2 protein chains.
Amino acid sequence: MAKKYLNIYSEIANKIENGEFKPNMKLSSENELMKEYGVSRDTVRKALNLLEQYGYIQKIRGKGSYVLDVNKFDFPVSGLISFKELSKKIGMKTNTILEVLELIKPDEYLMKQLKISENNQIWKVVRTREIGDKRIILDKDYFNKKYIPSLTKEICEDSIFNYIENELGLKISFARKEITVQQATKEDKKYLDLENYNMVVVVKNYTYLDDASLFQYGESRHRPDRFKFVDFARRRTLYPNG
Amino acid sequence: MAKKYLNIYSEIANKIENGEFKPNMKLSSENELMKEYGVSRDTVRKALNLLEQYGYIQKIRGKGSYVLDVNKFDFPVSGLISFKELSKKIGMKTNTILEVLELIKPDEYLMKQLKISENNQIWKVVRTREIGDKRIILDKDYFNKKYIPSLTKEICEDSIFNYIENELGLKISFARKEITVQQATKEDKKYLDLENYNMVVVVKNYTYLDDASLFQYGESRHRPDRFKFVDFARRRTLYPNG
DNA sequence: GAGTGGTCTAGACCACTAA
DNA sequence: TAGTGGTCTAGACCACTCT
């Protein structure tokens with residue numbers, strides 16, 4: 001049942017993260033990989049394209065595929081990763097405190113953000129995230145009850161995304177993130193250890209399921225000195241009209 | 001010489017941006033597109049995969065491909081885009097002022113950032129960017145002279161990236177970006193209209209050529225209230241080991 | 001000239017969705 | 001059951017790099 005190209009991808013990605021494949025090392029050619037794994041060239045190429053897309057290797061025509069220098073301790077990593085997944089990755093002492101969990105009727109702002117009417121019910125979840133004994137992040141999340149019928153304290157203190165994907169079987173497909181910097185509100189000052197900072201970094205997040213329905217809106221509000229966003233971007237030459 | 005899958009990509013992307021293909025509309029199936037364009041299924045799929053990757057469409061197995069709602073006025077757009085490309089896209093009145101252009105020997109910090117020795121010579125370029133008559137962005141860029149032999153005032157006031165790609169024929173392949181928030185320095189206060197803000201958003205940028213050599217390091221320092229970063233991210237389920 | 005990655009084709013089987 | 005997208009194969013020709 002395993003997809004061949006994903007197996008090949010994982011195996012090579014692992015070796016790069018382990019250090020078994022070192023930066024600047026040349027990978028086997030596509031022809032050699034075909035024989036090594038006993039698959040067609042197309043399958044090898046799918047795996048290599050994923051590795052390139054996620055910054056593990058660089059393919060150079062006429063030469064071969066080369067291992068890039070992977071910084072694995074970037075925090076947070078680019079893309080869509082939950083706080084829980086992240087904590088595991090960086091191995092710091094972290095803690096989640098559930099501040100609010102309630103079912104509400106959406107106000108004007110939420111109706112606009114989630115593109116819903118006032119008849120929908122919304123789960124409101126407010127959590128603070130401690131990193132090294134300081135309250136650094138305030139997460140305010142809103143879920144459409146249509147997709148998430150019930151939520152408990154336990155789920156919120158563990159990982160909501162984990163519950164959604166593994167228990168409910170919903171598939172998260174993509175998200176839009178928006179990073180801005182704002183004046184700290186009273187709420188920010190109440191929930192966070194802001195010290196003398198009067199601004200917060202706000203990451204707004206719109207999450208969609210695989211049928212392209214918007215099911216979550218969230219704001220992650222960070223103390224500015226502890227915020228870092230890392231992005232690996234390949235050059236886009238793909239805008240229509242050049 | 002045109003690549004078929006890029007033509008198909010551009011044509012469909014254009015129709016989506018124009019509004020000819022509206023959000024939630026169903027595209028022709030892969031089979032139909034094969035006939036419409038007279039190409040193989042693989043070629044159609046390459047085009048559709050690009051469209052999906054860049055957030056234009058969502059493919060749903062067993063159903064078809066659906067047009068997503070494209071917000072084209074995001075500022076800045078995610079990915080690797082120069083100030084010049086950006087200004088064109090958003091149609092605001094913008095202006096670039098060249099503050100410093102000189103050839104220097106790298107200090108400790110630069111040697112580390114650009115991974116070079118003190119024997120290399122470095123172009124230092126400092127530019128301020130006005131948006132609507134206010135100096136909003138301070139761009140400090142450092143280029144390895146090894147790759148960029150000469151730089152002029154004209155090039156810096158136009159687009160350095162344009163010069164590099166079209167005149168020098170170098171291929172920019174990928175970049176690492178890092179977004180943090182810092183206390184404003186004296187230099188920030190000197191060059192920018194910071195009003196009462198005492199912090200700046202710093203976007204560090206490491207740009208690589210297609211042979212994976214690092215050729216540029218830059219810092220883009222933004223007034224916090226005028227900074228916005230938008231990211232479209234597909235769910236990553238592709239970390240090794242789960 | 002030999003080897004590499006990039007594009008394209010034609011055909012097969014599968015899992016999923018919808019009527 | 002018919003149609004859809006997802007995976008996989010085998011083979012072809014091209015442009016590029018290295019020697």
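What counts as what
- Residues numbered from 1 in each chain as written.
- Chains lettered and ligands numbered in written order.
- Predicted model: local features only at pLDDT ≥ 70, side-chain atom pairs only at ≥ 80, totals over all residues.
- Heavy atoms only, no water.
- Helix = DSSP H or I, 4+ residues; strand = E, 2+ residues; numbered from the N terminus.
- Buried < 20%, exposed > 50% of the residue type's maximum accessible area, 1.4 Å probe, protein only.
- Contact = heavy atoms within 4.5 Å.
- Areas by Shrake-Rupley, 256 points an atom, 1.4 Å probe, with all protein chains shown as cover.
- Near = heavy atom within 4 Å.
- Polar contact = N/O pair within 3.5 Å; in protein donor to acceptor, adjacent residues only side chain to side chain.
- Nonpolar A, V, L, I, M, F, W, Y, C, P; charged D, E, K, R; others polar.
- Axes fitted to C-alpha atoms, helices over the stretch in contact; angles between N-to-C directions.
- Parallel < 35°, antiparallel > 145°, perpendicular 65-115°, else oblique.
- Left-handed = near helix turned anticlockwise from the far one by under 90°.
- Phe/Tyr/Trp six-rings, centres within 6.5 Å; stacked < 30°, edge-to-face > 60°.

If you look chain A up in an unreviewed UniProt entry, it shows as Trehalose operon repressor from Caldisalinibacter kiritimatiensis.

Undergrad: Help me understand the overall build of chain A in this model?
TA: A tally of regular secondary structure across chain A gives eight helices and nine strands. Residues classed as buried in chain A amount to 53% of the 242 residues present. Across chain A, the fraction of contacts at a sequence separation of at least 24, relative to all contacts at a separation of at least 6, is 59%. For chain A, the exposed surface amounts to about 12300 Å²; the carbon and sulfur share of it is 46%.

Undergrad: Where do I start with unusual backbone geometry in this structure?
TA: Peptide bonds are, in most cases, trans, and in most cases residues other than glycine have a negative phi. All names here are of chain A. Despite not being glycine, glutamate 195 has its phi angle at roughly 50°, a positive value. Turning to its location among the elements, glutamate 195 is positioned in the loop between helix H8 (186-191) and strand E7 (199-209). With relative accessibility at 53%, the residue glutamate 195 sits in the exposed group.

Undergrad: Would you mind showing me how to read the protein's contact with DNA strand C here?
TA: Close to DNA strand C lie 23 residues, the nearest being Arg41 of chain A together with Lys4, Tyr5, Ser40 and Thr43 of chain B. By atom count, sugar and phosphate contribute 70% of the portion of DNA strand C lying within 4 Å of the protein. A distance of 2.8 Å separates a phosphate oxygen of DNA strand C from a polar atom in the side chain of tyrosine 5 of chain B. Residue lysine 63 of chain B places a side-chain N or O atom 3.1 Å away from a phosphate oxygen belonging to DNA strand C. Top contributing element to the surface near DNA strand C by residue count: helix H3 (residues 41-53) of chain B, with four residues. A per-class count over the surface near DNA strand C returns three nonpolar, seven polar and 13 charged.

Undergrad: Teacher, can you tell me more about the packing of helix H1 (residues 4-18) of chain A against helix H3 (residues 41-53) of chain A here?
TA: All names here are of chain A. Where H1 contacts H3, the axes come no closer than 8 Å and their chain directions differ by 45°. What the angle tells us is that H1 and H3 run oblique. The hand of the H1/H3 crossing is right-handed. Here Lys4, Tyr5, Leu6, Ile8, Tyr9, Ile12 and Ala13 of H1 lie close against H3, whose contacting residues are Thr43, Lys46, Ala47, Leu50 and Leu51.

Undergrad: For this particular structure, what's the right way to read the environment of glutamate 157 of chain A?
TA: Residues and elements named next belong to chain A. Mapped onto the elements, glutamate 157 comes out in helix H6 (residues 153-157). Taking the C-alpha atoms as reference points, glutamate 157 and threonine 96, 61 residues apart in sequence, are found 6.1 Å from one another. Leave out the neighbours within four places in its chain, and glutamate 157 touches Thr96 and Leu98.

Undergrad: Can you help me understand the packing of aromatic side chains in this one?
TA: Each aromatic ring pair is described using two quantities: the centre-to-centre distance and the angle formed by the ring planes. Residue and element names in this part refer to chain B. By the definition in use, this model includes 16 aromatic pairs over all chains. With a centroid separation of 6.2 Å and 80° between ring planes, the pair formed by tyrosine 9 and tyrosine 56 is classed as edge-to-face. Separated by 47 residues along the polypeptide, tyrosine 9 in helix H1 (residues 4-18) and tyrosine 56 in the loop between H3 and strand E1 (57-60) bring together distant segments of the chain. Considered together, tyrosine 9 and tyrosine 56 belong to a single accessibility category, that of buried residues. Ring centres of phenylalanine 143 and phenylalanine 215 lie 6.1 Å apart, and the angle between their planes is 45°; this geometry places the pair in the tilted category. Placement of phenylalanine 143 in strand E5 (residues 134-144) and of phenylalanine 215 in strand E8 (residues 214-222) is noted, with a sequence separation of 72 residues between them. Among the residues examined, phenylalanine 215 registers a relative accessible area of 0% and is labelled buried.

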